[in-house]
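Breakdown of the fold
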Amino acid sequence: MHRNVTLNNVRFNWLTVLEPSAFKPGDPLRYRAEVLIEPDSEADKVLMDAIKSAAEEKWPGKSDGHVKSAQINRKVCRKLGTEMPPNKDTGELPSHYQDAVVLSTGRSFDRDGSLRVFCRRKSTGKLVEIDKDTTIDDDLVRPVPGNFGKVLVTIWGWEHSGAPQLNCTLESIAFTVEGDPLGSKAPLKTEAILDAFGEELEEGTNPFGE
């Protein structure tokens, strides 16, 4: 059984939304989005209710046990940020996963068709539907990690080799508010760059005014 829900005021991380891709050659084409949710927020409560409802429809009278089993085996679309893998270079958990709930969602291009993507136009406040050929100008909230918005998803339960799973299909995504790029850091100052280069800067040639 399937439960359709809208999650508002969420933040986006990994994104493959304008054109589907294969994880490796020969794999089916998929859209993907990683959604960061504030724990115990309205969006988190809506997501948990949908997971429980989908489980009850799939396994009447046994849903609580099946949800717990899926969580233990990490076969549920909602995870805690602390369960996510650390950065492979630093070995540390990225800061955006800390104190966050993570929703992993995707969409099969062959089975489910194209993903509907929207961006808010800043000058009008209205949504604009876009695709991979759309020119994204500065008046649109860009479909990039770090920005905020809303998603329409379908929650559904099934069993694989007798093990319960609770999955999430991405139906549509909207980018509505700009945020800082995830994993960004302050840019180096001119003086630090010149020290690293072992060079001097010609006077009057710094457009950044540092």
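Every chain is numbered independently, its residues counted from 1 as its sequence is written. Note on the predicted model: pLDDT of at least 70 is required for a residue's local features to be given, and 80 or more for side-chain atom pairs to be given and counted; whole-chain, interface and lining totals, by contrast, use all residues. Side-chain measures were taken over the full set of non-hydrogen atoms in the model, leaving aside hydrogen atoms and water.

Helix and strand labels come from DSSP, where a helix needs a run of H or I of at least four residues and a strand needs a run of E of at least two; each type is numbered from the N terminus. Helix and strand content of the chain: four helices and eight strands. Overall, the chain shows an N-to-C arrangement of helices and strands of β-β-α-α-β-β-α-β-β-β-β-α. Along the first, second and third principal axes, the C-alpha atoms of the chain reach 75 × 40 × 40 Å. Only protein chains enter the calculation, and the probe is 1.4 Å; a residue is then buried if its accessible area is under 20% of its type maximum, exposed if over 50%, and partly exposed in between. By residue count, 36% of the 210 residues in the chain fall in the buried class. Using the Shrake-Rupley algorithm and a 1.4 Å probe, accessible areas are obtained, with residue cover drawn only from the displayed protein chains. Summed over its atoms, the accessible surface of the chain is roughly 13,000 Å², and 50% of this surface lies on carbon and sulfur atoms. For this count, His and the chain ends are skipped, Lys and Arg are scored as positive, and Asp and Glu as negative. For the purpose of locating charges, the reference atoms are NZ of Lys, CZ of Arg, CG of Asp and CD of Glu. The averaged location of the 34 negative side-chain charges in the chain is 10 Å from the averaged location of its 27 positive side-chain charges.

Moving on to the pattern of salt bridges. A side chain of one charge can pair with a side chain of the opposite charge if their charged atoms are brought near each other. For salt bridges, the criterion is a side-chain nitrogen of Lys or Arg within 4 Å of an Asp or Glu carboxyl oxygen. Scanning the entire structure with this criterion turns up nine salt bridges. Linking D112 and R111 is a salt bridge whose minimum nitrogen-to-oxygen distance equals 3.0 Å. On the accessibility criterion, R111 (54% relative accessible area) is exposed. The salt bridge partner of D137 is R121, with a shortest N-O separation of 3.9 Å.

For the rest of this paragraph, the subject is the environment of W158. The residue W158 is located in strand 7 (residues 148–160) in this model. When the C-alpha atoms of W158 and L18 are compared, they prove to be 28 Å apart, with 140 residues separating the residues in sequence.

With respect to the helices, strands and loops of the structure, L140 is situated in the loop between strand 6 (127–130) and strand 7. When its relative accessible area of 2% is taken as the criterion, L140 is described as buried. For the pair L140 and R121, spaced 19 residues apart in the sequence, the C-alpha separation amounts to 4.6 Å.

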